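Structural characterization, general
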Amino acid sequence: MLPVLDNDHLRTLIAIAETGSFTRAADIVHKTQSAVSMQIRRLEERIGRDLFEKEGRAARLTEDGERLLDYAYRMIRLNDEAVASFRGERLTGRVKLGVPDDYAERYLPQILARFTASNPGIEVLVVCEPTPCLIANLQSMELDMAIITHSDKRAVGEIIREERLLWVTSQRHCTHEARPVPLALGRDTCNWREAAVTRLKRRNVPHRILYTSWNSAAVGAVVLAGLSVSVLPESAVRAGMRVLTEADGFPDLPSVQIALVRNAASRDHVSNALADHIMQSLDNLSIEGKNAMLAAE
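The structure displayed is predicted, hence computed values, not measured ones. (Residues numbered from 1 in each chain as written. Predicted model: local features only at pLDDT ≥ 70, side-chain atom pairs only at ≥ 80, totals over all residues. Heavy atoms only, no water.)

1. A closer look at the overall build of the protein
Stated precisely, the cut-off is as follows: Put simply, DSSP marks the helices as runs of H or I at least four residues long and the strands as runs of E at least two long, and each gets a number from the N terminus on. It only takes one pair of heavy atoms within 4.5 Å for two residues to be counted as in contact. Note on areas: Shrake-Rupley, 1.4 Å probe, and residue coverage restricted to the protein chains presented here. Only four residue types enter the charge count: Lys and Arg as positive, Asp and Glu as negative, with His and the chain ends excluded. A charge is said to be at NZ when it belongs to Lys, at CZ for Arg, at CG for Asp and at CD for Glu.
From N to C terminus, the protein includes ten helices and eleven strands. Sequence-distant contacts, at least 24 apart, represent 75% of the contacts inside the protein between residues at least 6 apart. Within the structure as shown, the protein displays about 15,400 Å² of accessible surface, and the carbon and sulfur contribution to it stands at 49%. Each charge sign in the protein was given a centre, from 37 positive and 39 negative side chains, and these centres are 3 Å apart.

In C-alpha cells form, the structure reads like this:
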C-alpha cells in the first residue's frame, strides 16, 4: 500500500519553498524549526527522495522537490475546496493582488468580473507595479499574491501560462526599417529588454533604445505612433500593431512564462479562492479571438 502524504507536511513544504528558509517557514506555519525539519524528513521518507539541498544559507528545492511542490499546491487547493463546499459558507474578506500593468490590462477585466460574480463578499485590492517591485512587496508582506513574469534568475511562483514574446511595430509606419532600429523597452532589469537587445546584437542589427518605461500604455503609444519597435507577449498585441518576424530581419524571441507567486503567510480560504480563480482563468484564456481581430485589421 502506498504511503499517505500529510497535508500539514505539504503546507510546510510550500512555506519553505516560498520563503527559501526553514526558519521563516517555521514562523509561518507556527511550528519550531526542529518540527519543520522533522516534517520534511517524514515527507522525504514517504516518497524516498531528497527534497531540499543547501545553497548558502537558503534552502533550495531539488528536482524531486519541485515535482512534489506542484502536487502539494494542487492537493492543498483541492482539500480547501472540498471543505468549503460542504460548509457552504459565503467567503468574506480582503485580498491584495499585485500585477504588472501590461498583464492588468489584458487579464484583470476577465479575472475580476468572474471572481466578483461568484465571490461578492471579497474585496480585491489591486496594486500595479513591475515584477521586481511586486516580489519585493511580497517579501515585505505587503501583498497576498502577485501575477509576475517568471524568470530562471528568480525562480519563484507557480507557472500558470506561457506565451510567445513578439517584436511589434506600427502597421502604418516602417519604423522597423530604420537603422539604427529605435526601441521602446523596459528598464535595465527587464528580461524582455535583455532578450531583445541580446538577439539584435547577435545578428549585428544596429539599434538604439529611444524610450524606456515600465508602463505598457506608454510603450504601446510610442509603438502605435510609429516612433519605435518594441517587444510584447502575444496576448498584449493591440489593434494597429504589426508583428515582425524573421522575414523582416527580427530574430525569434524566447517565450514568456507567467507565474502566480503567493505570500506564504496569507494562505487562507479568501486568498486561496482568488488564487484558484486566477489559475483557472489564465489557463483557459484564449487569444484566438484577439488574433482573429488583429488579422482582420
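2. Observations regarding helix α6 (residues 131-139)
Test applied: Each residue is placed in one exposure class: buried if its accessible area under a 1.4 Å probe, protein chains only, is under 20% of its type's maximum, exposed if it is over 50%, and partly exposed if it falls in between. Working note: the arc is built from the helix axis to C-beta atom directions.
Those residues of α6 not exposed but buried are Thr 131, Leu 134, Ile 135, Asn 137 and Leu 138. Summarising the axial view, the buried residues of α6 lie within an arc of 160 degrees, below the 170-degree limit, and thus occupy one face. Against β3 (93-99), β4 (122-128), β5 (145-149) and β11 (255-262) lie the buried residues of α6. Met 141 lies just past α6 and shows a positive phi near 65 degrees.

3. A look at the nonpolar core
Worth spelling out the cut-off: Here, nonpolar core means buried Ala, Val, Leu, Ile, Met, Phe, Trp, Tyr and Cys residues that are tied together by side-chain atoms lying within 4.5 Å of each other.
Ranked by internal contacts, the top residues of the largest apolar core, which has 40 residues, are Ile 147, Trp 167 and Ile 278. Counting residues per element, this core draws most heavily on helix α9 (residues 269-284), at seven residues. Ignoring anything within four residues of it in the chain, the contact list for Ile 278 reads Leu 97, Ile 111, Met 145, Ile 147, Ile 160 and Leu 260. Among the nonpolar cores identified, the runner-up in size contains 23 residues, and Leu 10, Ile 40, Leu 43 and Phe 52 belong to it.

4. A short note on the environment of Ala 217
For Ala 217, the position within the fold is in helix α8 (residues 216-224). Considered as a pair, Ala 217 and Asp 8 are 209 residues apart in the sequence and their alpha carbons are 44 Å apart. Setting aside anything within four residues of it in sequence, one finds Ala 217 in contact with Asp 101 and Arg 238.

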